[in-house]
Amino acid sequence: MLRRLTVCLVVALAGLAAAQSSKTIKLSFAAEGDREVWMQSKANLATVPETKKVNGKALDLTTTATDADLAVVVCDVATGGVAAKLVSDIKNGAWTVAATDYTLVRGAKVTVTTEKGMIASAVIDMTLGTEKRQVLLSPSDKGVVSINVLPVGDAVFTAKYKAGGAEKTLDAQTFSIKPTAGGWVPVKLVVPEGADLLPVETPKPTASDAKPTTTDEKPKEEPKKEGGPFAVLGLLVNMLIGLGLVAALGYGAWWYIKNNREKVTEIMDKAGVPLNQNPADPTGAAPVIPQAPKPIEKIVLGDADPGVAAPVAAAAVATKNPRLVGADGSVVQLEAGTLQVGREPGLAVSLPSESSVSRHHASLSRAGDSVTLVDEGSTNGTYVNGAKITTPTVLQPGDSVQFGAVAYRYEE
């Protein structure tokens, strides 16, 4: 009895702790409309997590996170405006989102190109008031990257890219960031000719393309085109004449056979084609005796039980694949454990030719699917999204990571 009471008490306490650790926030809107809603740290709006699409006047959000910077973010798809509010500032767990709360913008879609095509890679810096962002453009981005959740104002963009192996810097360009239908503000950075471009994708050969040809083949001559009303009239006359000849020949053959049947029969018999066949079998073919169909036999493999279906293998569960992608498209896979980054040869991420990188610059530690970046007292610093880090930092998908002057993008 005492044991049963103890178990019930433990279950009740666990349920109470879970209820206290979770929090429900009630959102309400003045009118119905398409919106995107998500929750994330307001201190790091560079990477937007998975969003929830809403079309209504109310929504309940439940969270168990205790981050002091955790915010609820709402994007109005029709206007492109974004509202964000800390969970700690939402009184009594309810927030009525007003038009004046939309003070941010969904983000900017940045395209880097020349007159001849998209460039292969670049490091893009943006400054908007006190807001500074840095994103890495790699070949897999096809010339377009996103900068998420921005304030309203004039943003200054610069880009570092390569042209003929040398590093170039694009002159600063200013764009107005303001709410736009759909949410994304287009930003097009045009760099001078000579920048390294994305390779042109050639179509894959088809079976017809692979067909061998010989030198003996002569090109087919194009048929001469003939037209006009006289050509059509001539074609009809020829068809009528042909049909008349066929009908005359057929009638002549029928008349001859009818009036000379015995003679025709004698000639056909000598030719091995008898006309006097059995009326019951006008084709002259031998009768076919129908065969009863054989029963279908069951196929049993080995000692398998024919009444039991073989189990189907379960589909493999996809796992995350943390990695760093360089501006040149190179990939550094982040395996479990700690990986050292630096200029010294033999390290997991060795950059011996980069003078801006210290001998032991930084370390990356992977535990499960989480990767933590630590600066190891480097001379030129380690940066995440353009901000220098001084404490261990957990990386998020899409983060720009820079060791000295060497930039990567973190992906999973």
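The structure under discussion appears in the preceding block.
None of these values were measured; they are calculated from a predicted model.

Peer 1: Is there a simple way to explain the side chain of Asn385 in this structure?
Peer 2: By the secondary structure assignment, Asn385 is in the loop between strand 23 (382-384) and strand 24 (387-388). On the basis of relative accessibility, which here comes to 11%, the residue Asn385 falls in the buried class.

Peer 1: Is there a simple way to explain unusual backbone geometry in this structure?
Peer 2: With the exception of glycine, most residues fall at negative phi, and the peptide bonds are largely trans. A positive phi is found at Lys142, a non-glycine position, where the angle reads about 55 degrees. Even without a glycine there, the phi angle at Asn385 is positive, about 55 degrees.

Peer 1: I'm lost on the layout of surface pockets in this one. Help?
Peer 2: Any empty space left between the atoms is revealed when a probe the size of a water molecule rolls over them. As a volume, the largest pocket reaches approximately 580 Å³. Taken together, 22 residues make up the lining of the largest pocket; nearest its centre are Lys162, Glu167, Ala327, Ala405 and Ala407. Contributions of two or more residues to the lining of the largest pocket are made by strand 10 (122-128), strand 13 (153-163) and strand 27 (406-411). Considered class by class, the residues forming the lining of the largest pocket number 10 nonpolar, 5 polar and 7 charged.

Peer 1: Explanation requested: the packing of aromatic side chains in the structure shown.
Peer 2: Applying the stated criterion across every chain, the model contains 2 aromatic pairs. An angle of 80 degrees between the planes, with centres 5.8 Å apart, marks the rings of Phe157 and Phe175 as edge-to-face. With a gap of 18 residues between them, Phe157 in strand 13 and Phe175 in strand 15 (residues 173-177) connect regions that are remote in the sequence. We classify Phe157 as buried; its relative accessible area is 0%.

Peer 1: What should I look at first to understand the pattern of salt bridges in this one?
Peer 2: A side chain with one charge can pair with a side chain of the opposite charge if their charged atoms come near. Evaluation of the coordinates by the stated rule reveals 10 salt bridges. With a closest N to O distance of 3.4 Å, Glu412 and Lys320 form a salt bridge. Of this pair, Glu412 sits in the segment after strand 27 while Lys320 sits in the loop between helix 3 (261-270) and strand 17 (323-326), placing them 92 residues apart in sequence. The exposure class assigned to Lys320 is partly exposed, which follows from its relative accessible area of 44%. Among the ionic pairs, Arg409 bridges to Glu411, the shortest N-O distance being 2.5 Å. Grouping residues by exposure puts Arg409 and Glu411 together as buried. Among the ionic contacts, a cluster of salt bridges with common partners joins Asp141, Arg323, Arg409 and Glu411.

Conventions adopted
- Residues numbered from 1 in each chain as written.
- Predicted model: local features only at pLDDT ≥ 70, side-chain atom pairs only at ≥ 80, totals over all residues.
- Heavy atoms only, no water.
- Helix = DSSP H or I, 4+ residues; strand = E, 2+ residues; numbered from the N terminus.
- Buried < 20%, exposed > 50% of the residue type's maximum accessible area, 1.4 Å probe, protein only.
- 1 Å grid on protein atoms, 1.4 Å probe; cavity = no way out; pocket = protein on both sides within 12 Å on 5 of 7 lines; lining within 4 Å.
- Points joined across faces, edges and corners; volume = space filled by probe spheres on them.
- Nonpolar A, V, L, I, M, F, W, Y, C, P; charged D, E, K, R; others polar.
- Phe/Tyr/Trp six-rings, centres within 6.5 Å; stacked < 30°, edge-to-face > 60°.
- Salt bridge = Lys/Arg side-chain N within 4 Å of Asp/Glu carboxyl O.

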